[in-house]
Amino acid sequence: MLVTQSTYVTLDIGSSSVRVMVGEVRRDSVNMIGVGEAKSRGIKKGAIVDIDETVNSIKEAVEKAERMINASINHVVVGITGNHIQMQRCHGVVAVSSEDREIGDEDVNRVMDTAQVVSIPPDREIIGLVPKQFILDSRDEIKDPRGMIGVRLEMEGTLITGSKSTILNMLRCVERAGLEIADILLQPLAAGDVALSEDEKALGVALVDLGGGSTTVTVFDQGDLVGTRQIPVGGDHITNDISVGFKTSKEEADLVKLNNGHAYVPTASDEEDDSFEVSKIGSREQQLFTQWQLANIIEPRLAETFELVDKEIKRMGYDELPGGFVLIGGSAKIPGIMELAEEIFDQNVRIAIPDYIGVREPYFTNGIGLMLFAHKHMRIQGKDLSAKLSQPGHQEQQGSKQVKREQVKKETPARNQSGGKGSVKDKVSNMFKSFFE
Ligand SMILES: Nc1ncnc2c1ncn2[C@@H]1O[C@H](COP(=O)(O)OP(=O)(O)OP(=O)(O)O)[C@@H](O)[C@H]1O
Ligand SMILES: [Mg+2]
């Protein structure tokens, strides 16, 4: 396989699945070359509860992807999400350095660095910075000041921070799985990049990620991400409800959900032809149910979830979002979900599915988002986030990966000392500069 500069590996560590995606990005198009998926055993409600199990799931997913691409994976771009994420306004100002007073990359980098020199509590870590506008000698609303002439450059933006311990626990799992972290990206921000149009983001839109253990709602307005909240309810709760309602095992409840599920009672089928058998737990007895009966279990749970989403949006200060609602995540696959969401939100609703061969599922939107976002970073900043894939069979390279894994283990404690080289901040301080596109 030809390894190009534009090959990326992304890692989405979810409550249901850990997904590794390998793709080649050319301009804005992705050629998916490998996907590895493993059942997630160490994550509950979107948070790591068991390091070893999480490491094993990551390794399993990576190995599956490695087999598919016939190369070994060393570097990954990791998505992060959760309620520990916070935003705060930030501001930086610098004197333009070059003699001819033309703003260059260096000035932009410096002003963004100074904006990050703010006092944040010791238990928090900067994940990224989203510039809102640049101000050059009192001229404001500048999107990209490079090439302009001026003396004093300012930047106003949003600083994204996360809980240091949550980030470090995640990094630790990734490193223990033998991987190096090319970058950490705020997953909903990256997903928003592929799932939402510029118009939607300008008007005000909610991106709702319906996962397994959680639902994440992220609001974009006037082009910017304004807030993200994670609700600890997802598709796994639906499975539980089915298991209780139909008195059947969780495994069977999950199959019933995937094969016969429907989210909207008024359009669910009550025909005998669409009925299905479910075994009763602890007995050989088979029970017959219709899709309508199943929808009567699924709908209330999803309706409750959407009401919680609505509450979070109101808490962020939004009564109305003219850009509507966009659904992603595995649970967005349940038929009838759009109708139910439209009824509850009283807004336009659509499901965002990546339009690339091999990943046309709403649970791949996060991974594709991370990939395209990472690519933009690299192009704009000359930052190398691409995957260092090595061909298997080359004894040397295989060996060097082994060594790397050992080194990673040894390096891990040092990484915990904040502020030092290799700290999270160090890794991610240049994030989100893709704004310049
Ligand atoms: N065809 C389908 N119909 C109904 N539900 C589905 C379907 N496919 C997947 N799901 C559900 O989607 C959920 C998993 O979604 P996803 O993979 O986006 O979650 P995750 O990212 O692992 O979890 P989280 O985002 O909560 O951490 C599971 O509950 C699964 O049962
Ligand atoms: Mg998810």
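As the structure is a computational prediction, the values presented were derived from the model and not from experiment.

Chemist: Help me get a handle on the sheet that holds strand β8 (residues 124-136), residues and values and all.
Modeler: Taken together, 4 strands build an open sheet; the order of strands is β7-β10-β8-β9 and the sheet is antiparallel. Each edge of the sheet is formed by a strand with only one pairing partner; in this case those strands are β7 (86-95) and β9 (139-142). Neighbouring strand axes in the sheet, compared pairwise and without regard to direction, differ in orientation by 35 degrees on average. Pairing geometry for β8 and β9, over 2 bridges, is antiparallel. Among the inter-strand pairings, F134 is bridged to a residue of β9, identified as I142. Of the strands in this sheet, β8 and β10 (152-163) touch helix α3 (residues 164-176), which is tilted by about 75 degrees from β10.

Chemist: Break down the environment of V359 for me, citing the residues and quoting the values.
Modeler: Looking at the element boundaries, V359 is found in the loop between β18 (349-351) and α10 (365-381). On a C-alpha basis, the gap between V359 and M32 in space is 7.7 Å, while along the polypeptide they are 327 residues apart.

Chemist: So what about the site of ligand 1? Which residues, and what values?
Modeler: Contacts to ligand 1 come from 20 residues, most closely from S15, S16, S214, K257 and G330. Between ligand 1 and S15, the relevant distance is 2.7 Å, taken from an oxygen atom to a side-chain nitrogen or oxygen of the residue. Where the shell around ligand 1 is concerned, the elements lending two or more residues are β2 (17-26), α6 (235-245) and α7 (250-260). When residues of the shell around ligand 1 are assigned to their parent elements, the largest contribution, 3 residues, is made by α7.

Chemist: Just give me the short version of unusual backbone geometry, but keep the residues and values in it.
Modeler: Of note, R101 is a non-glycine position whose phi angle comes to about 65 degrees, a positive value. Locating R101 in the fold gives a position in the loop between β7 and α2 (105-115).

Chemist: Tell me what's going on with the packing of aromatic side chains, and back it up with residues and numbers.
Modeler: Each aromatic ring pair is specified by the distance between its two centres and by the angle formed by the two planes. Following the criterion strictly, the structure yields 5 aromatic pairs and no others. On the basis of an interplanar angle of 5 degrees and a centroid distance of 3.7 Å, the ring pair of F246 and F289 is categorised as stacked. Pair noted here: F246 is in the loop between α6 and α7 and F289 is in strand β16 (residues 286-289), with a separation of 43 residues, a long-range link. Comparing F246 with F289, the two get one shared label, buried. Each residue in the set F246, F276 and F289 is aromatic and connected to the rest through ring pairs, giving one cluster. Against the face of F364 rests R19, its NZ or CZ located 5.8 Å from the ring centre.

Chemist: Lay out α3 with the relevant residues and their values.
Modeler: For α3, which comprises 13 residues, the first-to-last C-alpha distance of 18 Å matches the rise-based estimate of 18 Å (1.5 Å per residue) to within 8%. All of the buried residues in α3 are K164, I167, L168, M170, L171, C173, V174 and E175. One or two positions beyond α3, positive phi appears at G178, with a value near 85 degrees.

What counts, and at which threshold
- Residues numbered from 1 in each chain as written.
- Chains lettered and ligands numbered in written order.
- Predicted model: local features only at pLDDT ≥ 70, side-chain atom pairs only at ≥ 80, totals over all residues.
- Heavy atoms only, no water.
- Pairing = 2+ DSSP bridges.
- Helix = DSSP H or I, 4+ residues; strand = E, 2+ residues; numbered from the N terminus.
- Axes fitted to C-alpha atoms, helices over the stretch in contact; angles between N-to-C directions.
- Contact = heavy atoms within 4.5 Å.
- Near = heavy atom within 4 Å.
- Polar contact = N/O pair within 3.5 Å; in protein donor to acceptor, adjacent residues only side chain to side chain.
- Phe/Tyr/Trp six-rings, centres within 6.5 Å; stacked < 30°, edge-to-face > 60°.
- Buried < 20%, exposed > 50% of the residue type's maximum accessible area, 1.4 Å probe, protein only.
- Lys NZ or Arg CZ within 6 Å of the ring centre and 35° of its normal.
- Expected span 1.5 Å × (residues − 1).

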